[in-house]
Amino acid sequence: MATAARFAYQIGAVGEEGLTDRQLYREAIGDAELLHRLGYDAAWMVEHHFSDYYPQPNPLIFLSHIAAACPGLGLGTSVMVLPWYDPVRFAEDVAMLQTLSDGELHIGMGRGTAKSEYDAFGIGMETARDRFRETWEFTRKALQGGPVTHAGHYANWSAPTVLRPALQGRMPSFYGAIGSLESAAIMADLGLPPLCLSSYPDKLLRRILETWKERTAAAGRPTEAAFPISIKCFVAETDAAAQAQALEYLPKCFALQVEHYQSDHAPGAISQATSSSTACSPTCGNCRTPQTSAAISRRT
């Protein structure tokens, strides 16, 4: 049964040229406070490292501050790049944020395609899928509560151990970033609902969601889920002005993404990138574009 769409907003450390990182962070907090007053469902954040392209290396820490500044506002990540995390610490950090926050917590996860970031962490991109899978499987198991054992390549709990803090029934919603038919099948096998970009052609997006539903149904799991979709929206006084902004700034934004990301698929079969890869935030310092990014979550 379909439910009404819920609207959220992507905040980020972006702004006018010349601002310090501290100033960018303060502006992002101010954006979250405005969203809260306007009645938006949640504030979402992306993760990036070592450059001007969204310099916010730890969304969970940032969102814990938002949780205190905006009690009751939903929080989301789009996405946490799981291969860069120790599985145990990731599960602990998510549990802490869920415990500290009053609103819903949405954890979008991806494997990332920025080779420069992988190189800086000293992690081979060829290990990304395995790292993603194990971190998610450990997190899902550990957050259920009770003693847990895990024998893996990146985490090993031989003695039964209890993750703290205990969530006591309040669980985050988890999603897997999907950008291709292949990743749709992978996320379905992992039991993760899809997080998609509206900038994909409608035909491709429809096939991605259909593939996920078919694979999920074949595994005997329900296909009804919340489907966050990241939407690019230019805000201006008139439609013509908004269109002019898009024509001026989008090519620069896409050029920056081509420089930042490395895809392992051909065009039209885009690799599973982070959901932020085509969603810029208000007054983006990289694209110089005032805009909003809304995540629509719907159940079908």
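In the block above lies the structure referred to throughout.
Worth saying up front: this structure is predicted, and the values here are computed from it rather than measured.

What counts as what
- Residues numbered from 1 in each chain as written.
- Predicted model: local features only at pLDDT ≥ 70, side-chain atom pairs only at ≥ 80, totals over all residues.
- Heavy atoms only, no water.
- Core = buried A, V, L, I, M, F, W, Y, C linked by side-chain atoms within 4.5 Å.
- Buried < 20%, exposed > 50% of the residue type's maximum accessible area, 1.4 Å probe, protein only.
- Helix = DSSP H or I, 4+ residues; strand = E, 2+ residues; numbered from the N terminus.
- Contact = heavy atoms within 4.5 Å.
- Axes fitted to C-alpha atoms, helices over the stretch in contact; angles between N-to-C directions.
- Parallel < 35°, antiparallel > 145°, perpendicular 65-115°, else oblique.
- Left-handed = near helix turned anticlockwise from the far one by under 90°.
- Nonpolar A, V, L, I, M, F, W, Y, C, P; charged D, E, K, R; others polar.
- Salt bridge = Lys/Arg side-chain N within 4 Å of Asp/Glu carboxyl O.
- Arc of directions from axis to C-beta.

Asker: How would you summarise the nonpolar core if you had to cite specific residues and measurements?
Answerer: In terms of nonpolar packing, the biggest core is built from 62 residues, with Ile66, Ile107 and Met109 touching the most fellow members. It is helix H3 (residues 87-100) that provides the largest number of residues to this core, a total of six residues. Contacts of Ile107, omitting those with residues within four sequence positions, involve Leu60, Thr77, Met80, Phe90, Val94, Pro172, Ser173, Phe174 and Tyr175.

Asker: Quick rundown of the packing of helix H6 (residues 181-189) against helix H7 (residues 202-218)? Include the residues and the values.
Answerer: Running from amino to carboxyl end, H6 crosses H7 at an angle of 30°, the nearest separation of the two axes being 8 Å. By the angle between their directions, the pair H6 and H7 is classed as roughly parallel. Considering the relative orientation of H6 and H7, their crossing is right-handed. Counting all contacts with H6, which are made through Leu181, Ala184, Ala185, Met187, Ala188 and Asp189, the residues of H7 involved are Arg207, Ile208, Thr211, Trp212, Arg215 and Thr216. Of the residues contributing to the contact of H6 with H7, the split by class is seven nonpolar, two polar and three charged.

Asker: Would you mind going over the pattern of salt bridges in detail, with residue names and values included?
Answerer: Tallied over the entire structure, the rule returns six salt bridges. In this structure, Asp119 and Lys115 form a salt bridge, with 2.9 Å as the shortest nitrogen-oxygen distance. Placement of the pair is Asp119 and Lys115 together in helix H4 (residues 115-121), with a separation of four residues, close to one helical turn. Judged by its relative accessible area of 36%, Lys115 is partly exposed. For Asp189, the salt bridge identified is with Arg215, shortest N-O distance 2.9 Å. Within this pair, whereas Asp189 is found in helix H6, its partner Arg215 is found in helix H7, the two being separated by 26 residues in sequence. Note on Asp189: relative accessible area 40%, which makes it partly exposed. Overlapping salt bridges bring together Arg6, Asp41 and Glu104 as one network.

Asker: Break down helix H2 (residues 59-69) for me, citing the residues and quoting the values.
Answerer: Along H2, the positions that sit buried rather than exposed are Pro59, Leu60, Phe62, Leu63, Ile66 and Ala67. The buried side chains of H2 occupy one side of the element, clustering within an arc of 155° when seen end-on. Along H2, exposed side chains directed more than 90 degrees from the buried face belong to Ile61 and Ala68. Contacts made by the buried residues of H2 are with helix H1 (21-38), strand S3 (42-45), strand S4 (74-81), H3 and strand S5 (105-110).

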